[in-house]
Amino acid sequence: MDLSTFSFPTTIVFGAGSAGRLPDELKKRDVRRPLLVTDAGIERTAIFERIRKPVPEAAVFSKVEPNPVEQNVLDGVAAYRNSGCDGVIALGGGSPLDAAKAIRLLATHSGALAEYDDLLDGANRISSNLPPYIALATTSGTGSEVGRSAVITLKATNRKTVIFSPYLIPSVALADPELTLDLPPHITAGTGMDAFTHNVEAYLAKGYHPMCDAIALSGAKLVWDNLPRVMERPQDIQSRSNMMMAAIMGAVAFQKGLGAVHSLAHPLSTECGMHHGTTNAILLPAVLEFNRSVTPDRILHLATLFGGGDAAERVRELNQKLAIKPRLRDWGVPESILPSLADKAVQDGCHLLNPRPCSREDLLNLYRQVY
Ligand SMILES: [Zn+2]
């Protein structure tokens, strides 16, 4: 029998000012000594001060790198233990939010992070015995604040590894678009295109999930309408709110699955240090063309949301509007590295739900096309 499991369980407090609920949400969960996980960049901002001030009891851990690595998690767990913490707050983009999930996991689960790799059935080793976790996103991109996975690069493989369990979902997400008002334009564009790609890939992913499909289509349209607007008017709270909602919708929708864009993008971050969302933006048009022969109706439907014509072309135009350079060579990626990137991309689990099956050769060809 072919069964589907649907679940949409994250508690989300959404809207301008929702971050002010943090002390109450900690009290509600009896957290007396939270570990506030963030990164060094955010620690220097006014947003950090605004979040930290009402919770002076929090210990701070700010050593999360832009693409979090295992050592960041181990250092975070040490900080959690040394400070006698009993809960986790994360403030930031996907990196601090994901690292915090893994810190929270290892705070109560023994063994190495590699044992929880989703590809090795790690989810079965994760129990509900986890400390409370309150997530505050400062970007509208990954939607990690409502997601059940953490992506961490492991030391042994230098590969982005997905750790997945419904128990990893934050206890509550305080989704406050005011936290995104001061994002620099290239981060707004890159993270926004991550949200866009999540919605598009989820809609096209294999599998039966009409609820995710509906959310993904609305999420993609929200990005299409609002991302150019926030680029023009960064302080427009309504457009920022819509982008934050689109990011949340993308992450809810991609419980259905993602696709080849994400498998191709992950090695470009680990090997070449490229920004995840920006990389997705560059790859998405070529993957839409690659998928067109197997799912023409869905790609046509996306195109109608984006003003008609050819979906891949519309996305290229959006990238241009966002000043995202379209070729990998523009980003300093050496051509000689493409075969080894393809070796890594084919090992990445995301493409397994791409509507058209991908061989290593297919993935290498896609890299060459956008080179
Ligand atoms: Zn992504």
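Residues numbered from 1 in each chain as written. Predicted model: local features only at pLDDT ≥ 70, side-chain atom pairs only at ≥ 80, totals over all residues. Heavy atoms only, no water.

**Q** How do you make sense of the pairing of strand β2 (residues 34-37) when you look at a structure like this?
**A** Two faces, one strand: in a regular strand the side chains alternate between the faces of the sheet. Neither face of β2 is exposed, since P34 and L36 on one face and L35 and V37 on the opposite face are all buried. Pairing of β2 with strand β4 (residues 87-92) involves four bridges; the strand directions are parallel. Counted as the bridge partner of P34 is G87 from β4. Where β2 and strand β3 (residues 59-61) come together, three bridges link them in parallel fashion. Residue L35 lies in a different strand from β3, and its bridge partner there is A59. (Buried < 20%, exposed > 50% of the residue type's maximum accessible area, 1.4 Å probe, protein only. Helix = DSSP H or I, 4+ residues; strand = E, 2+ residues; numbered from the N terminus. Pairing = 2+ DSSP bridges.)

**Q** Got a minute to help me understand the coordination of the zinc ion in this structure?
**A** Perfect tetrahedral coordination of a metal by four donors corresponds to 109.5 degrees between them, and perfect octahedral coordination by six donors corresponds to 90 or 180 degrees. Every protein donor of the zinc ion is accounted for by D194 (OD), H198 (NE2), H262 (NE2) and H276 (NE2), and the metal-donor separations fall at 2.1 to 2.2 Å. Around the zinc ion, the four donor atoms are arranged such that angles at the metal cover 83 to 169°; this shape is classified as irregular. All donors of the zinc ion belong to a single chain; written as a sequence motif, their spacing is D-x3-H-x63-H-x13-H. Here D194 is found in helix α6 (residues 185-204), whereas its partner H276 is found in helix α10 (residues 276-291), with 82 residues between them in sequence. Accessibility expressed as a relative area gives 3% for D194, which makes it buried. (Donors = N, O, S within 2.8 Å, 3.2 Å for Na, K, Ca; no water. Tetrahedral: all angles 85-135°; square planar, octahedral: opposite > 155°, others 65-115°.)

**Q** Even after reading the chapter, I still don't get the layout of surface pockets, so can you show me in this structure?
**A** Any empty space left between atoms is shown by rolling a water-sized probe over those atoms. The computed volume of the second largest pocket comes to approximately 190 Å³. Taken together, A281, I282, P285, A286, R316, N319, Q320, I324, P326, R327, Q369 and V370 make up the full set of residues lining the second largest pocket. Residue assignment for the lining of the second largest pocket shows that the elements contributing at least two residues are α10, α12 (311-321) and α14 (360-370). Ranked by the residues each element gives to the lining of the second largest pocket, the list is headed by α10, at four residues. Per-class residue counts for the lining of the second largest pocket are seven nonpolar, three polar and two charged. (1 Å grid on protein atoms, 1.4 Å probe; cavity = no way out; pocket = protein on both sides within 12 Å on 5 of 7 lines; lining within 4 Å. Points joined across faces, edges and corners; volume = space filled by probe spheres on them. Nonpolar A, V, L, I, M, F, W, Y, C, P; charged D, E, K, R; others polar.)

**Q** What is the right way to look at the environment of I134 in this model?
**A** Structurally, the position occupied by I134 is in strand β5 (residues 133-137). Look past the residues within four positions of I134 in its chain and what remains in contact with it is L22, E25, L26, V88, I89, A90, V172 and L174. (Contact = heavy atoms within 4.5 Å.)

**Q** I would appreciate a short explanation of the pairing of β5 in the present structure.
**A** Taken across its five residues, β5 has five buried, putting it largely inside the fold. Along β5, one buried face is formed by Y133, A135 and A137 and the opposite face, lined by I134 and L136, is buried too. For β4 and β5, the ladder comprises five bridges, and the chain directions are parallel. Across the sheet, the residue bridging to A90 is A135, located in β5. Handedness of the β-α-β unit built from β4, helix α5 (residues 94-108) and β5 comes out right-handed. Alignment of β5 against strand β8 (residues 172-175), held across two bridges, turns out to be parallel. Bridge pairing in β8 links I134 to V172. (Right-handed = clockwise from strand over helix to strand, strands pointing away.)

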